[in-house]
Amino acid sequence: MTTLLELKNVSKQYGSDTLALSNVSFSVNEGEFVSVIGPSGAGKSTLLRCINRMIDATNGEIMFDDVNVMKLHKKELRSLRTKLGMIFQHYNLVNRLSVIENVLHGRLGYKSTITGMLGIYKEEEKKQAMKILEILGLKEQAYKRCDQLSGGQKQRVGIARALIQSPKMLLCDEPIASLDPNASKVIMDHLKNISSSMGITVLVNLHQVDVALKYSDRVIGVSQGRIVYNGSPKDITKEEIRTIYGSEASDLNINLGGKNAG
Ligand code: ADP
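The paragraphs below set out a description of the structure included in this document. (Residues numbered from 1 in each chain as written. Predicted model: local features only at pLDDT ≥ 70, side-chain atom pairs only at ≥ 80, totals over all residues. Heavy atoms only, no water.)

A word on the overall build of the chain
- Within the chain, the secondary structure is distributed over nine helices and 10 strands.
- In terms of overall size, the chain behaves like a compact globule, its C-alpha atoms giving a radius of gyration of 19 Å where 262 residues would be expected to give roughly 18 Å.
- Across the 262 residues that make up the chain, the buried fraction comes to 51%.
- Total accessible area on the chain stands at roughly 12700 Å², and carbon and sulfur atoms take up 48% of it.
- The positive charge centre, built from 34 side chains, and the negative charge centre, built from 27, are 5 Å apart in the chain. (Helix = DSSP H or I, 4+ residues; strand = E, 2+ residues; numbered from the N terminus. Rg over C-alpha atoms; globule rule 2.2 N^0.38 Å. Buried < 20%, exposed > 50% of the residue type's maximum accessible area, 1.4 Å probe, protein only. Areas by Shrake-Rupley, 256 points an atom, 1.4 Å probe, with all protein chains shown as cover. Lys, Arg positive; Asp, Glu negative; His and termini not counted. Charge placed at Lys NZ, Arg CZ, Asp CG, Glu CD.)

Notes on the site of the ligand
- In the vicinity of the ligand, the contacting residues are Tyr14, Thr18, Ala20, Pro39, Ser40, Gly41, Ala42, Gly43, Lys44, Ser45 and Thr46.
- Taking Gly41, its main chain carries an N or O atom lying 2.7 Å from an oxygen atom of the ligand.
- For the ligand, an oxygen atom lies 3.1 Å from a polar atom in the backbone of Ala42.
- With the chains in place, 55% of the 560 Å² that the ligand exposes on its own is no longer accessible.
- Elements supplying a minimum of two residues to the shell around the ligand: β2 (18–29) and α1 (44–51).
- Counting residues per element, the shell around the ligand draws most heavily on α1, which supplies three residues.
- In terms of residue class, the shell around the ligand is built from four nonpolar, six polar and one charged. (Near = heavy atom within 4 Å. Polar contact = N/O pair within 3.5 Å; in protein donor to acceptor, adjacent residues only side chain to side chain. Nonpolar A, V, L, I, M, F, W, Y, C, P; charged D, E, K, R; others polar.)

Brief notes about the environment of Ile227
- Within the element layout of this structure, Ile227 appears in strand β10 (residues 226–231).
- Note on Ile227: relative accessible area 26%, which makes it partly exposed.
- The spatial distance from the C-alpha of Ile227 to the C-alpha of Leu104 is 36 Å, given a sequence separation of 123 residues.
- Setting aside its immediate chain neighbours within four residues, Ile227 contacts Val24, Ser25, Phe26, Ile220 and Gly221. (Contact = heavy atoms within 4.5 Å.)

What about the layout of surface pockets?
- By volume, the largest pocket is sized at about 500 Å³.
- When residues of the lining of the largest pocket are traced back to their parent elements, those giving at least two are α2 (74–83), β6 (84–87) and α4 (113–117). (1 Å grid on protein atoms, 1.4 Å probe; cavity = no way out; pocket = protein on both sides within 12 Å on 5 of 7 lines; lining within 4 Å. Points joined across faces, edges and corners; volume = space filled by probe spheres on them.)

So, the environment of Leu21
- Tracing the chain through its elements places Leu21 in strand β2.
- Distance from Leu21 to Asn205, taken between C-alpha atoms, is 15 Å for residues 184 residues apart in sequence.
- Those residues in contact with Leu21, other than ones at most four positions away along the chain, are Val10, Ser11, Lys12, Gly43, Thr46, Leu47, Cys50 and Gly225.

Some thoughts on the side chain of Ser223
- Structurally, Ser223 can be placed in strand β9 (residues 218–223).
- Not counting the four nearest positions on each side in its chain, Ser223 is found in contact with Ala42, Val228, Thr243 and Ile244.

Observations regarding a nonpolar patch on the surface
- Together, Ile114, Met117, Leu118 and Ile120 make up an exposed nonpolar region whose accessible area comes to about 450 Å².
- Positionally, Met117 belongs in helix α4.
- Its relative accessible area of 63% is what places Met117 among the exposed residues. (Patch = residues over 30% accessible without salt bridge, like charges linked within 9 Å, V, L, I, M, F, W, Y side chains within 5 Å. Salt bridge = Lys/Arg side-chain N within 4 Å of Asp/Glu carboxyl O.)

Regarding the pairing of β2
- Judged from the eight bridges that link them, strand β1 (residues 3–14) and β2 form a sheet pairing that is antiparallel. Each residue of the ladder has a partner; that of Thr3, found in β2, is Asn29.
- Between β1 and β2, which pair antiparallel in sequence order, lie three residues; one of them, Gly15, sits at a positive phi of approximately 60°. (Pairing = 2+ DSSP bridges.)

Here's the deal with helix α9 (residues 238–245)
- Taken as a whole, α9 has its buried residues at Ile241, Ile244 and Tyr245. Buried residues along α9 cover an arc of 85° about the axis, so they all sit on one side.
- For α9, the elements touching its buried residues are β3 (33–37), β8 (201–206), α8 (209–215), β9 and β10.
- Looking one or two places after α9, you find Gly246, whose phi comes out positive at around 50°. (Arc of directions from axis to C-beta.)

See below:
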């Protein structure tokens, strides 16, 4: 197995009093589907943002695809971000533009500023965008404005925009937190398919423990900026879930099945 991402003792301090991440170490193998679970404020979003350098970690080391992420400068950062597709809770689409235009925005990291600004895309890129939209069940919507789509459709546009970058890894920050259960299932099924059939590694922040356990090869539990669980979803116990979620645990409908049930 090849390690694609490795964090060693990563910490992130906001201001003088918030230690959002404290000595976080873990690695992710190529092709793995890994969920990060934990209550609000645990540090999940901070963790993903440190990996793609939307924010800078305070200490530690982050290696991605044999590159030391924390040492990268402007041009190399652009290259890093093309390899890391980002999916957001609120989709981050340009609502007045069409679906296909939003998808093509995923190619901007490969263009000069001027061709990017002029919206010049190759025929090949447009074909690729349509192909990805078809995979995600959005071919019919390609020329609709994004503000006419449902939340679930918007998130699929977000996924399409990330896929057209030809990423090695998807970083998904609460991708289903704004969606109903049906739309959530569609999104999670697509992410799983992207990992298993396209071989793209997926690291996804999830608030919903049941979803994480169902879809992941591995679960990382974060509580107050520290990793408190890192292992198979099959082995996690109710007690460990309670440790991860602390006072929020009583709100969870924990259904482990098998030997941990009860
Ligand atoms: P999660 O994604 O698990 O909800 P976050 O990473 O958003 O957690 O937040 C972790 C901690 O860092 C929280 O205490 C939060 O209030 C704090 N925090 C997050 N972003 C900032 C910021 N930009 N400035 C100051 N504190 C922040």
